[in-house]
Structures are given as C-alpha cells and as structure tokens.
Amino acid sequence: SRNRIFIGGGGGAGDGNDGYQTNGANGGGLVYFLIKGNLLGTGTINANGGDAVASLGKDAAGGGGGGGTIFLNVLGQINSNISINAKGGNGGSQLIGLVNEAEGPGGGGGGGAVFLSKSSSLTINVSGGKNGSTNSSATTEFIPNGATSGASGFIDFSATLPVSMIDFSAES
C-alpha cells in the first residue's frame with residue numbers, strides 16, 4: 001500500500017540440517033526528512049537491504065534483505081546532486097564444491113520505496129537484489145536452484161503524509 005511507510009523486511013534464513021545454513025540479511029531502514037526550506041547540496045541517502053552471507057557446506061544460504069523506505073517531504077525546491085538508494089540485498093550463495101547435494105542459495109531482497117513530495121532529477125535506485133547461486137556438482141545446469149532475484153521497488157513523486165510543520169526554536 002502506498003499510503004503507509006515501512007522498514008525493509010529481513011531475508012529468510014537458509015534451510016539447514018547439517019549446521020551450515022546462514023541467516024537472512026537485515027532489511028533496509030526508514031529515512032524521513034521534513035524540510036521546511038530547500039534541499040541543496042550533494043551526498044547519498046541509503047536505506048538498503050543487507051547482503052546475505054554464503055553457506056560453506058551442505059545447507060542453504062539466507063536471502064537478501066528488502067530495501068527500506070526513504071521519504072523526502074520538501075516544502076521548498078529540490079536542487080541537489082543527492083543519490084537516493086533503497087536497494088534490495090543480494091541472496092547468499094551455496095559454496096559446497098564437488099558434493100552431490102544442493103540445498104539452495106538465497107533469493108534477492110525486493111527493492112524499497114522512495115517518496116518525494118515533488119518531482120526532481122535526483123539519482124534514485126530501488127532495484128531488487130540478485131539471487132545467489134550454488135557450485136554444487138548436483139545442479140550444474142541450473143545454478144540458481146530455484147532462487148530468484150528481488151523485484152524492483154517504486155518511486156512516488158507526489159507523496160504526502162499528514163504531518164504538520166512544527167517550528168522548534170531555543171528560548172533565550
């Protein structure tokens with residue numbers, strides 16, 4: 001739903017019965033800026049999902065974390081070279097070698113969401129993470145072994161939230 005904001009979800013843990021499975025990666029965070037003036041300058045704002053760790057044995061790797069949410073509510077003008085990233089994390093690979101068993105790699109995390117209060121030419125990336133692969137000799141024809149890449153997230157250039165502007169000033 002596009003009328004709510006969320007943090008990115010964590011990736012799923014890898015299946016395991018031999019103690020080699022890895023956890024899913026952390027999801028991306030939530031960044032909210034309420035700017036009364038103009039947005040100026042350069043830099044990067046990130047709410048990326050984490051990359052999963054590879055499995056080094058006969059168990060599955062975890063999935064990548066989902067991208068988080070970035071919301072820029074700017075009352076003035078947006079005139080900057082800021083890069084905004086809410087990317088999904090990459091799934092973990094299964095590095096097992098010449099063993100004839102493949103539990104599977106992790107899937108990529110889905111891309112996150114970027115909300116802007118007005119259209120701008122900022123550089124924005126909400127891509128999904130890549131799936132992992134396996135090097136098991138049992139699955140040489142299909143190295144993703146069922147793992148898929150994460151879907152892209154979305155960008156909304158006309159976002160609003162019911163937040164009022166409150167001025168805070170120091171008292172003398």
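It should be emphasised that the depicted structure is a prediction, and the values quoted were computed from it without experimental measurement.

Asker: Explain the overall build of the protein chain residue by residue, including any values.
Answerer: When helices and strands are counted, the protein chain shows 0 helices and 7 strands. For the protein chain, the succession of helices and strands along the chain, N to C, is β-β-β-β-β-β-β. The C-alpha radius of gyration of the protein chain comes to 20 Å, more than 25% above the 16 Å expected for a compact globule of 172 residues. A principal-axis box enclosing the C-alpha atoms of the protein chain has dimensions of 70 × 35 × 30 Å. Scored against the burial criterion, the 172 residues of the protein chain give a buried share of 41%. By sequence separation, contacts in the protein chain at least 24 residues apart represent 76% of the contacts at least 6 residues apart. For the protein chain, the accessible area works out to roughly 9,100 Å², and carbon and sulfur atoms hold 48% of it. Each charge class in the protein chain was averaged separately, 7 positive and 10 negative side chains, and the resulting centres sit 15 Å apart.

Asker: Can you lay out the nonpolar core for me, pointing to particular residues and giving the numbers?
Answerer: Membership of the largest hydrophobic core comes to 17 residues, with the highest contact counts inside it found for I70, L72, I84, V114 and L122. For this core, the secondary structure elements donating two or more residues are strand 1 (30-35), strand 2 (39-46), strand 3 (69-74), strand 4 (78-85) and strand 5 (113-116).

Asker: Explain the confidence of the model for the protein chain residue by residue, including any values.
Answerer: Taken residue by residue, the protein chain gives an average pLDDT of 88. The fraction at 70 or more is 92%. Per-element confidence in the protein chain ranges from a low mean pLDDT of 90 for strand 4 to a high of 96 for strand 6 (residues 123-125).

Asker: So what's going on with the environment of G41? Which residues, and what values?
Answerer: Along the chain, the position of G41 falls in strand 2. For the pair G41 and G29, spaced 12 residues apart in sequence, the C-alpha to C-alpha distance is 22 Å.

Asker: Now, about the sheet that holds strand 7 (residues 154-156): what can you tell me, with residues and values included?
Answerer: Strand order across the open sheet formed by 4 strands is 1-3-5-7, with parallel pairing between neighbours. The sheet is open, and its two edges are formed by strand 1 and strand 7, each paired on a single side. Strand-to-strand twist in this sheet, taken as the mean axis angle between neighbours without regard to direction, amounts to 5 degrees. Here strand 3 runs beside strand 5; their pairing, made up of 4 bridges, is parallel. Among the inter-strand pairings, T69 is bridged to a residue of strand 5, identified as A113.

Asker: Help me get a handle on the pairing of strand 3, residues and values and all.
Answerer: Across the 6 residues that make up strand 3, a large majority, 6, are buried. Along strand 3, one buried face is formed by T69, F71 and N73 and the opposite face, lined by I70, L72 and V74, is buried too. Where strand 1 lies against strand 3, 6 bridges are found, and the strand directions are parallel. Among the inter-strand pairings, L34 is bridged to a residue of strand 3, identified as N73.

Asker: Describe in detail the sheet that holds strand 4, supporting the description with residues and values.
Answerer: Taking strand neighbours across the sheet as the criterion, the 3 strands line up as 2-4-6 in an open arrangement whose pairing is parallel. Of all the strands in the sheet, the pair left with one neighbour each is strand 2 and strand 6. Taken over all neighbouring pairs, the strand axes of this sheet differ in orientation by 10 degrees on average, direction set aside. Two strands pair when backbone bridges link them, and strand 4 and strand 6 are joined in this way by 3 bridges, in the parallel orientation. Within strand 6, the residue paired with S83 across the bridge is T123.

The rules behind these values
Residues numbered from 1 in each chain as written. Predicted model: local features only at pLDDT ≥ 70, side-chain atom pairs only at ≥ 80, totals over all residues. Heavy atoms only, no water. Helix = DSSP H or I, 4+ residues; strand = E, 2+ residues; numbered from the N terminus. Rg over C-alpha atoms; globule rule 2.2 N^0.38 Å. Buried < 20%, exposed > 50% of the residue type's maximum accessible area, 1.4 Å probe, protein only. Contact = heavy atoms within 4.5 Å. Areas by Shrake-Rupley, 256 points an atom, 1.4 Å probe, with all protein chains shown as cover. Lys, Arg positive; Asp, Glu negative; His and termini not counted. Charge placed at Lys NZ, Arg CZ, Asp CG, Glu CD. Core = buried A, V, L, I, M, F, W, Y, C linked by side-chain atoms within 4.5 Å. pLDDT = per-residue confidence, 0-100. Pairing = 2+ DSSP bridges. Axes fitted to C-alpha atoms, helices over the stretch in contact; angles between N-to-C directions.

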